[in-house]
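Secondary and tertiary structure notes
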Amino acid sequence: MTSESGLVARLVLAEGRSHRTEIYDVRVLAGTPYTSLHPPGTEELVYCTEGSLEAGPEGREVNCLRATPSGSRVT
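All of these numbers come straight from a predicted model, not from anything done at the bench. (Residues numbered from 1 in each chain as written. Predicted model: local features only at pLDDT ≥ 70, side-chain atom pairs only at ≥ 80, totals over all residues. Heavy atoms only, no water.)

**Some thoughts on the overall build of the protein**
Inclusion rule: Where helices and strands are cited, they refer to DSSP runs of H or I of at least four residues and of E of at least two residues respectively, numbered from the N terminus. Buried residues are those whose accessible area, probed at 1.4 Å on protein chains only, stays under 20% of the maximum for their type, while exposed residues exceed 50% and partly exposed ones sit between those limits. Whether two residues are in contact is decided by their heavy atoms, any of which lying within 4.5 Å being enough. Shrake-Rupley sampling with a 1.4 Å probe provides the accessible areas, and residues are treated as covered by the protein chains on show and by no other component.
Scanning the protein for helices and strands turns up zero helices and four strands. The linear arrangement of helices and strands in the protein, starting from the amino end, is β-β-β-β. Residue burial in the protein is summarised as follows: out of 75 residues, 9% are buried. Considering only contacts in the protein between residues 6 or more positions apart, those separated by 24 or more positions represent 6%. Element-wise, carbon and sulfur atoms account for 52% of the exposed surface of the protein, whose accessible area totals about 6800 Å².

And the structure:
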């Protein structure tokens, strides 16, 4: 799926057990704001493979940085 803002997402896995699990491969253009609304108690794991991004609840965002091949963090 593709949004008007340029975000591209591909569903990799969806499980409908008592604890729902979804895995997406998401591509976001630099500088593109993206908001994802979830019900209270939702947990997300963000793994950044290129560049950097801010993620988290509004007002409590954290910087997510990708690791370089040497294992150091990109700042």
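Continuing now.
**A word on the confidence of the model for the protein**
Cut-off, in case you're wondering: Every residue gets a pLDDT, meaning the predictor's confidence in that residue, from 0 to 100.
This prediction gives the protein a mean pLDDT of 77; 85% of its residues lie at or above 70. No element of the protein has a lower mean pLDDT than strand S4 (residues 62–65), at 78, and none a higher one than strand S1 (residues 8–15), at 88.

**Observations regarding the pattern of salt bridges**
Short version of the rule: We define a salt bridge as a contact between a side-chain nitrogen of Lys or Arg and a carboxyl oxygen of Asp or Glu at a distance within 4 Å.
Across all of its chains, the model carries three salt bridges by this definition. Across the pair Arg20 and Glu22 runs a salt bridge whose closest N-O atoms are separated by 2.9 Å. For Glu22, a relative accessible area of 39% gives the class partly exposed. With a closest N to O distance of 3.3 Å, Arg27 and Asp25 form a salt bridge. Asp25 gets classed as partly exposed once you look at its relative accessible area, which sits at 24%. Through salt bridges that share partners, Arg10, Asp25 and Arg27 make up one connected network.

**A closer look at the pairing of strand S2 (residues 21–27)**
Put simply, the test is: Pairing between strands requires that DSSP locate at least two bridges from one strand to the other.
Here S1 runs beside S2; their pairing, made up of seven bridges, is antiparallel. Paired with Ala9 across the strands is Val26, a residue of S2. Remark: five residues form the turn of the hairpin made by S1 and S2, two consecutive strands paired antiparallel.

**Some remarks on a nonpolar patch on the surface**
The condition that has to hold: Candidate patch residues must exceed 30% relative accessible area and have no salt bridge, after which like charges are joined if within 9 Å and Val, Leu, Ile, Met, Phe, Trp or Tyr side chains if within 5 Å.
There is a patch of nonpolar side chains on the surface, built from Met1, Leu11, Tyr24, Val26 and Val28 and spanning about 480 Å² of accessible area. Inspection of the secondary structure assignment puts Leu11 in strand S1. For Leu11, a relative accessible area of 46% gives the class partly exposed.

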